Every structure is written in C-alpha cells, then in structure tokens.
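Understanding the architecture of this molecule
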Amino acid sequence: MAFEKQLPEWKAKGIKPPQNKLDEGWKAQDKPPAAWLNWQMNSTYEALNELQQHAVDGRDVSAVPSPNGIVRLDGEGHLNEQALADAKYKAIQFMPGVQVVESDVDTPLKVENVQGRTLVNLLGRVGSCEDASAFNKKTKLEVSVDTSRKSQGQGSLLLVSTVPEKIFSGVGRIINVNPDSYYVAVAMANNITSKRLRLQIHGMSPGGQFVNTDTSGWNKFEPLFIRFRPSDVNSTTSVEVQLWIETEGVNAGGCFDALRVFEISKADYDAIGTMTAEQVVNRFPYVEGTTNVKNPYMLVKSGNLLPSAFEFNNNFVTTIHHDYSFEFTAIEKENKGLYYDVEVLPNESYCTRVICSNSNGNIRFEYYTDMNSAGNKNKFLQPRTYHKANEYAYIRTPAGCGCVRIYLTNEYEGGTSIESQREGHYVFSNFLMFPESKPVLFFPQQSSIWAAEYELASNPIDGKDMDILFTCEDGIPYVRENWKKISLDGNLNWVCMSETPGFKQVLVKNLTPTIKNTGYVVKFDGKPLSRVVQGSGITVADQHALTDDADQYPDAIIISVSNEDSGWGNEYTPSTDEIKAYFMGWRVHKGAQGNVNVPFNGETEGKAWHPLDARYTSHEGVPSASFYVTTVPTLPVKDYDYTRYSIWRPYKLQYLKAKPTVESISNYELGAALGRGSNVVEIGSGLVMREKADPLQGQGNQFYLHSRGLGNRFKYLVKDIQNVYRNNAKDSKWQVYTSSLEVDFGLENAGCLAENFDTSAVYHVTYTMLEETLKATIRGSVASNLLGTISNVVHNTGDIERRLSVVETLKSNKDKVKPTWIIPSLMNGWIAYKDGFLNPRYYKDEYGVVHIEGLIKGGAVAATTNLFLLPPEYRPTGTLIFSVVGLSGTTSVPTMIRVDVTHDGRVIINQSHSTDVGNYYLSLTGISYNTEQ
C-alpha cells in the first residue's frame, strides 16, 4: 500500500543536546538553541524516511533474513527458509472434561494420538442400583428405588429401617474374585436420615473378614471407595459387596448409587492408597459391563460460550427470530424465556451480558455438579443468583461446579405472586458469556470440532496392549487395533455344541485369529462371564472359553447359557435360529399357558418367545410377559417397545487379536482450532456424527427427530443433540428440548415447525449416545507462534486438496469395481433351486440401491412367511411391495406372486391365499430399491 502523507523533509543536521537535557526535557521559560531543534527535526525526518524506504525489504531474503525476522518473498518468489525454520509448536494434553485454553493467535489443533482404555464392572448392570430385587437383604428394612435422588441413570437404591432399635441394616451382592488379584470398590452414597452409610466388602469363605468405609455428610451424594485383596477379607473365590445404613429408629435411611467393582493392577492398587475419593471416582468412573473409549471428540468454543437461540431449550413458548434474538409476551405471573446448560470449571469467574428491550429482563444462574444434574432442584450447589439484563453480570462458580444453567427470562428474584413487572413484551438479543478477563463486545460463538467414530480398548486390568488412534502423515486418523470387539448377537452362525443339565454350550467359529484365553465376555445384563482356559472343560452356566487355531474348535468362542436364562428345557436342543433369537434378547417358554417360566421340552402345546425386558409378575404371582410371539423371532428386542424402557445390550466379546492391524476410520471430523483469546475445550466420548434422520410429523404441527410414538429412532439412544443438518448444512430451525426414555428414544429430542421443515431435504443429526463410554486424554499439538500457524494452514490445505483428489479418483473408479454379492440364509424350508439357475443373492451399489436376484424353491407358502432377513444397512426406510414370478407343482402356468421387503429387513411372501403361491420355484430377480430415501 502506498504512503499518502508527504515526509516533513528537514536536512539541517543540527547538534545533539547533552544527555542530561535529553533526560530532563524542556522546562518552563527554556529557550532551546536552534542547533538542538534542528537535530530533533532532522532525526525525525530521517527515521520516518527509513521506515518508508524499508517497509518492503528488497533484499534476497532466501539467503539473509530481514532484521525483524518477517518472512518475505524475494524477486524470484523464494521463501525465507531460515525464518520458516523458526516455526514453533507446543505439545498439549487435553484431559477429559472441560478446560480453558488461552491462545495469542488463531491456530489449528492437530491431534497426535488417543489411547484406548477398558473397564469391566464385575457387578454388571446391578451396579446401577435401579433393581431392588437384585440385592440380598441382611436385616429387616425396606428396599426400593428412589427416582428423585440419583447420581446417574434413572434412580438410586433407597434403604429404610423398619426396626426401632439402634442397628446396622443393609443389602449385599456376591461376586466372584481371583485370590491373587487386586480390586477397588466404589459407590455414591447419600445419607438422608441415618447416622451414617457404609460400603463394605465381606469375605465369603469360612472365617471371612471385612473392610469398610463410611459417609461423613448428609443430603448429598458423596463417594465411598475401598481397595482390597481377597486375602484382606480371608477369601479365595468370592466376596460380598454390602451396603449398610446405621439407624436408631424406624423410617431412617439413605441412598446408594453407581456401585462398581473393578479388578485392577498392583500399580493402581498402590496408587489408590494416596488418592482422594474424588480422584478415585475420576480414575474409575461408573460403567456397566465392559466399557471402552468410544467415539472420542474434542469440542472447542472460542470467545462466546453461548450458542444461538435455536440451541437453547425452548419448549416452543418463545419466538426465535434469528441466531441471537428471541421474543415473548408474558401476562400476569407467567415466567417465560430460554435456558442453556454451559459446562464450566469450578472456582472460576465468568461474565455474561444480554440486551433486552424490557428493563425487567433478567439473567438467572443455577449451579450444578455436572450436566446430568442440571435442572434438579435437589442438586443446587448454592442458591440461584439473578442479574439484570443490559449490564455485565459477573459470577464465580462454587467448588465442585461443572455446569451452570443460564435462564434469559422475565422472572425476578423472590417473586411469588402476580406482579406487574413480569408482564409485558420482551425481546432478548446479543447474549454473551465468556471467562472473565475484561468486558468484550458481542460476537457469535465460534465452535469447531475434532471427532472420530471408533472404539478403543486395552487390557482392562493393567491397561496394556491398548488400541491407539493416531494421525498419519496424510492427515487422516487411523487406529492400531490390538483388540477385536464383537457384538454376540443374532447375526452370527451359532451352533449348539453340547447339552448338560441346567445349561447348554453354544459356539461361533471362524473368528478373526485370536490369542487364546484373552477373551472378556459380558452378557445382556452386563455380568462378566468367568473364563475357562483352552483345553479345560466348561462346568457351569455363564462361563466362556476363547480358542486359537490349535484347538479342535479353532478361533471360536464357546459360551455356556443357563436354561433359566434361555427357557430351553433339559431335553430340548435349540436350532441355530433359536440360538440366534436368544442372543437377540428373546426367551422361549412352553406355549398355550400363562407362566413364562415353564421351559420348553418339545411339548405338543408348542412354544412361544417373549422379550427378556417384557417380563413381569401378575397379580396372581405368575411370571408373565407383556408381549410374545409364536414363531422364531428374527429381530432384536430393541426394535420393539414394552412395559420397561431399558436399553437392550447383547452379549459382547472382546479379545486380543493374534496380530495387530492398522484400521482406517471412515467417519471423522478434523476441524478443531483455537481462537485468539479464551477457548473452552471439552473432551468427551460417545459422539455420533451426522447419522441420517427420519423426521416425522407429530401433534402440534411439529416434526420430531426420534419419538417412541412415531417409531423413528437412531442407532443409539440419545443423551443430547448437538446439531441438525439439512442437505449437509447446519439447520438452526430445530429446537432442542428435554425428554425421557418413556416418551422418546433418549433424554433429548428436537422439534421443527412444519413451515420450517423441508420435505424434499435429507436430514442428518450429530448427537451423543446414552450408552456408557470412557473418556480419554487427547494428545495434540498447537502452533505457538505465527509461523507455526501458517505452516499448519499450508499443510492442512494440502491435505484437503489431496483428500479431494483421492475421493474423486475413488468415485471415478467405482464403476470399475465388481459388486460384492451376499448369499442370504434362507428360512422356513426355502432352498436354492440350483440346476444351473442363479443362486439367491443381493448387494448394495454405490448409490445405496439394493439389488436382489436368484431362484429358490420348496419352502412354506403361508402369508407373511419369511424367506430371509436383510442386515440393517440393506433395509428400506418403509415396507415395499414387489411382484415376482412363481410356479406351483400342480400347474405349468407361472403366476405373479406378491413379495414384500419390510422396513425391519424381512423378505416375505404376502399373498392373500397360500394356494396362489407356487413353491416349485420362486424368482427374486427384479427386486431393487433405494435405502437412502
């Protein structure tokens, strides 16, 4: 840019004043000599002239850097390599949770690696303390589930004394242990009216001893923990985890929640000896069954901690104009407004400001331990605080605070009756929150994210052989996978291996090559199965053996299933399809009678199947089920709704692979960056990125993302919704609101007014799953000076161009790749026709279109007979009807036969009369449909 002001030319050199005059300056009545003034004017002129002359350095800086170290281009366009070599980077460890990072510049974040971790809760789902019948009573007391007090999940275990004297009362749960191992037990305890609450470990061997720890406070959950070895309690194979209340009268008690016991390493056992209870809780968080690091993410919010109004919780009582403006009208004693939960740090200062058209507009703050407790009035860490709108509101979070709920509202402090100041029209806009430093002007929130959908495991005891997610030189994340994770469900080829009174052994062969005896298996209730080493015999139910290629059953998982769990009688051998049904959550029982506990032994009355989560006890005391079927189920129970809204979890297997492999990650986002100034960085897990949604219209002129009443659900139950996308662009018209498992498939949902919904658009949603996952430290690096930032931007730009080139090349080559056909498992007597005709098969092309073809014969022809089942990714979004050609053995004239492909993946005959259906042959060729619509 050219300089516009003319230089004040002054060529008379003059004489420099003495140093003492330069130090003291001019004084009143001074008459400086002309030579001194000439020196000042000439020096100023020459300094300004030098700045203009050298503002663009004309030297060849590829060899000699400029004095001020600025990177420039020479006449030939070469970079100053010496200056570039001074680019600096700083390694950063982002810990799980929320942290504030100060940055002097805007700079990208590079994730170097994320390490896997596994925890196995030996109590399984019982540790949720939401099933009073899962514990053994020790003395006279009432045991129930308290849904109003909880530290996680849907409730806690409430123990209340029923005897008037001073006594310890409690419950217990027995677990198996190894005599040479180390353990830690952790629980959250809330003493309501007892003298104290106690967590205790008692040895079950003769002469067993115990170790315990007690609460010290009241009316809040506090952590209790015990580290122990079986020898501490004179035990070898089992201990009992006990929960006690000490009372001096009736109706006194307290609550327990989030109970877990982990087998740990000696190093962890020793370290716990110097840790606080809070540190132990953070190191060993509550999980159910086997839990890994799943879908880690880093979310960065720069500057403004408050998002647009569309991301606030609204419940449709206000009108949102645009991202940072909403309005409402209040009459009489109405309290209206929006609120948003912000993750914060304890003992930190924050500042908030909002503009409101009405002078009665307020900002209300509520302080909570974490996001899960937000909104629960029993979980206030301190009383609410109120602050006027249109002013800077300064707060300081209390100790232990991890979440602040912010209301922008017409409510005022202490208002309990009809007050005129509540009435009126309110327009809120330009809401702003930032870590306190100095007041700043409003600006929208700048957010960025790094995330990868992958499950990272390790040895659950000592943490060794961990999976490692890393960023390669090509800028793309990969995983060095040591552990194989398998869902043991109905998609595997199960075989009944042997039968023993009380249980049956089933197995799956041809696993990815294994290292024997490294398996960890948990069943549907989260309970770990005990391990039997290769070559030893399984002796009881709920055991497993993992074999390698040297065994007579190579690379197989063998599991003993109790007849009580499955409903199989001692004299009955289940088929492969019936074993699959069990691993999809179904239990068989003798049909034509009401007691679902009666096992099936091949009786003429037939058999029926009920979901494990549909069981209940009738008024007559008979074990019954709210739902059952009389044909072998082909779908997992999670696809249905019953009396209990539990999360169905199939058996899971995790084992060490014979050889580690490097796996690519197919779904990821790499855009995390720090903004200049304060950044709030959240490290978490369980993020599902841009899953395709099927919004449906409900009551009240609203479209909803996932609703039990509408039947549209995501892959996982939802903990919270992050973003909604319309045609791959963020759609701010959706309003997130709090829900429940009884109403929706999760704890949050989002709605969109019909006038803002595009029926022709494709919608995707990013959300966090309700399923437990472990959080992991994310190790990365960030440029610590401007040169490093420039270098990062150049490399990232190159990576983007290279990835785009790769994508375009792959897309252009797709037509050259032969389709991968899948052979279905035919059902109900249908088999391939053969004799030179094409066998049944199907595949999905690159556009999401499924193609089915082939000729079959010989099966059952009754209406709704299943031919075979399609995997989830091959199913249409709604049931489709097709006409195919078939022929019966009584006529030589082919006929058109109706075949349906249902939304749940069943390919079925659906002719109204079985006589219309020929099983001499049935052609499947010509069935095709798009799975993406």
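1. Focus on the overall build of the chain
A tally of helices and strands in the chain yields eight helices and 62 strands. Expressed as a percentage of the 933 residues in the chain, the buried residues total 49%. A separation threshold of at least 6 residues defines the contact pool for the chain, and within that pool the share at least 24 residues apart is 72%. Total accessible area on the chain stands at roughly 44,900 Å², and carbon and sulfur atoms take up 50% of it.

2. Some thoughts on the sheet that holds strand β27 (residues 455-456)
Strand pairing in a sheet relies on backbone hydrogen bonds. The paired strands run either parallel or antiparallel. Pairing is antiparallel in the open sheet, where three strands are placed in the order β4-β15-β27. The strands lining the two open edges of the sheet, one partner per strand, are β4 (118-120) and β27. Relative to β27, strand β15 (residues 290-294) is paired through two bridges, and the arrangement is antiparallel. In the sheet register, V293 faces β27, and the bridge partner there is L456.

3. Some details on unusual backbone geometry
The residue N517 is not glycine, and still its phi comes out positive at about 65°. Considering the arrangement of structural elements, one finds N517 in the loop between β31 (503-508) and β32 (520-522). One non-glycine residue, N828, lies in the positive phi region at around 55°. Here N828 is to be found in the loop between α8 (786-813) and β53 (831-832).

4. Considerations on helix α7 (residues 576-583)
Summarising burial for α7: six of the eight residues are buried, a large majority. Within α7, burial applies to E578, I579, K580, A581, Y582 and F583. Looking one or two residues past α7, G585 carries a phi angle of roughly 105°, positive in sign.

5. Regarding the side chain of S685
Here S685 shows up in the loop between β43 (677-684) and β44 (687-692). Judged by relative accessible area, S685 falls into the buried class, the value being 11%. Only 2.4 Å separates the side chain of S685 from the side chain of T773, close enough to count as a polar contact. At a separation of 3.2 Å, a polar atom in the side chain of S685 contacts the main-chain carbonyl oxygen of L774. Not counting residues within four places of it along the chain, the set of residues in contact with S685 comprises K294, N295, P296, Y297, T773, L774 and K775.

6. A short note on the sheet that holds β43
The sheet built from five strands is open, its strands ordered β2-β43-β16-β26-β41 with antiparallel pairing. The open sheet has two edge strands with one neighbour each: β2 (97-103) and β41 (668-670). Pairwise comparison of adjacent strand axes, ignoring direction, gives a mean angle of 25° for this sheet. Where β2 meets β43, seven bridges bridge the pair, whose relative direction is antiparallel. Directly across from E102, in β43, lies its bridge partner S678.

7. What about the nonpolar core?
Core analysis: the biggest nonpolar cluster contains 44 residues, and M298 and W450 have the highest contact counts within it. Judged by nonpolar contacts, the second largest core, of 34 residues, contains Y367, I395, V404 and F431.

8. Considering the confidence of the model for the chain
Note that predicted coordinates carrying low pLDDT should not be read in detail. The predicted model of the chain has a mean per-residue pLDDT of 84, with 87% of residues at 70 or higher. The low-confidence segment residues 55-85, where pLDDT is below 50, has 34 contacts with residues more than four positions distant or belonging to other chains. Low pLDDT, under 50, characterises residues 416-420; the predicted model gives this stretch eight contacts beyond four residues in sequence or across chains.

9. Examining the pairing of β31
The buried fraction of β31 is high, at six of six residues. With burial as the criterion, each face of β31 is covered, one bearing F503, Q505 and L507 and the other bearing K504, V506 and V508. As judged from the five bridges shared by strand β30 (residues 495-500) and β31, these two strands associate in the antiparallel manner. The residue of β31 that forms the bridge with T500 is F503. Turn length for the β30-β31 hairpin, with the two strands adjacent in sequence and antiparallel, is two residues, and the turn residue G502 shows positive phi of about 100°. Pairing of β31 with strand β35 (residues 557-562) involves six bridges; the strand directions are antiparallel.

10. Overview of the packing of aromatic side chains
Under the definition given, this model contains 39 aromatic pairs. Their ring planes at 10° and their centres at 6.4 Å tell us that Y426 and F428 sit as a pair that is stacked. You'll find Y426 and F428 in the same group, each marked buried. Put simply, the rings of F312, Y324, F326, F328, Y340, Y426, F428, F431 and F442 pair up and form one aromatic cluster. A cation over an aromatic ring shows up here: R841 above the ring of W821, its NZ or CZ 3.8 Å from the ring centre. Taking NZ or CZ as reference, K857 lies 5.1 Å from the ring centre of Y833, over its face.

11. Considerations on the pattern of salt bridges
The full count for this structure, using the stated rule, is 32 salt bridges. Across the pair R229 and D232 runs a salt bridge, and its minimum N-O distance is 3.5 Å. R229 sits in the partly exposed class, given a relative accessible area of 32%. For the salt bridge of R841 with E853, the shortest nitrogen-to-oxygen distance reads 2.7 Å. Taken together, the residues span a long stretch of sequence, with R841 in strand β54 (residues 841-844) and E853 in strand β55 (residues 849-853) at a distance of twelve residues. Accessibility expressed as a relative area gives 24% for R841, which makes it partly exposed. Connected through shared salt-bridge partners, R125, E288, R649 and E772 make up one network.

12. A closer look at the side chain of S429
Structurally, the position occupied by S429 is in strand β25 (residues 424-435). Residue classification places S429 among the buried residues on the basis of a relative accessible area of 17%. Other than its neighbours up to four places away in sequence, S429 contacts Y324, S325, V354 and I355.

13. Topic: empty space enclosed by the protein
Per the stated rule, a full pass over the model turns up one cavity of 30 Å³ or more. Quantified by volume, the largest cavity comes out at close to 110 Å³. In terms of lining, the largest cavity is formed by S308, F310, E311, I721, Q722, N723, V724, K730, D731, S732, W734 and V736. Of all the elements, strand β47 (residues 718-726) adds the most residues to the lining of the largest cavity, at four residues. Grouping the constituent residues of the lining of the largest cavity by class yields five nonpolar, four polar and three charged.

Calculation rules
- Residues numbered from 1 in each chain as written.
- Predicted model: local features only at pLDDT ≥ 70, side-chain atom pairs only at ≥ 80, totals over all residues.
- Heavy atoms only, no water.
- Helix = DSSP H or I, 4+ residues; strand = E, 2+ residues; numbered from the N terminus.
- Buried < 20%, exposed > 50% of the residue type's maximum accessible area, 1.4 Å probe, protein only.
- Contact = heavy atoms within 4.5 Å.
- Areas by Shrake-Rupley, 256 points an atom, 1.4 Å probe, with all protein chains shown as cover.
- Pairing = 2+ DSSP bridges.
- Polar contact = N/O pair within 3.5 Å; in protein donor to acceptor, adjacent residues only side chain to side chain.
- Axes fitted to C-alpha atoms, helices over the stretch in contact; angles between N-to-C directions.
- Core = buried A, V, L, I, M, F, W, Y, C linked by side-chain atoms within 4.5 Å.
- pLDDT = per-residue confidence, 0-100.
- Phe/Tyr/Trp six-rings, centres within 6.5 Å; stacked < 30°, edge-to-face > 60°.
- Lys NZ or Arg CZ within 6 Å of the ring centre and 35° of its normal.
- Salt bridge = Lys/Arg side-chain N within 4 Å of Asp/Glu carboxyl O.
- 1 Å grid on protein atoms, 1.4 Å probe; cavity = no way out; pocket = protein on both sides within 12 Å on 5 of 7 lines; lining within 4 Å.
- Points joined across faces, edges and corners; volume = space filled by probe spheres on them.
- Nonpolar A, V, L, I, M, F, W, Y, C, P; charged D, E, K, R; others polar.

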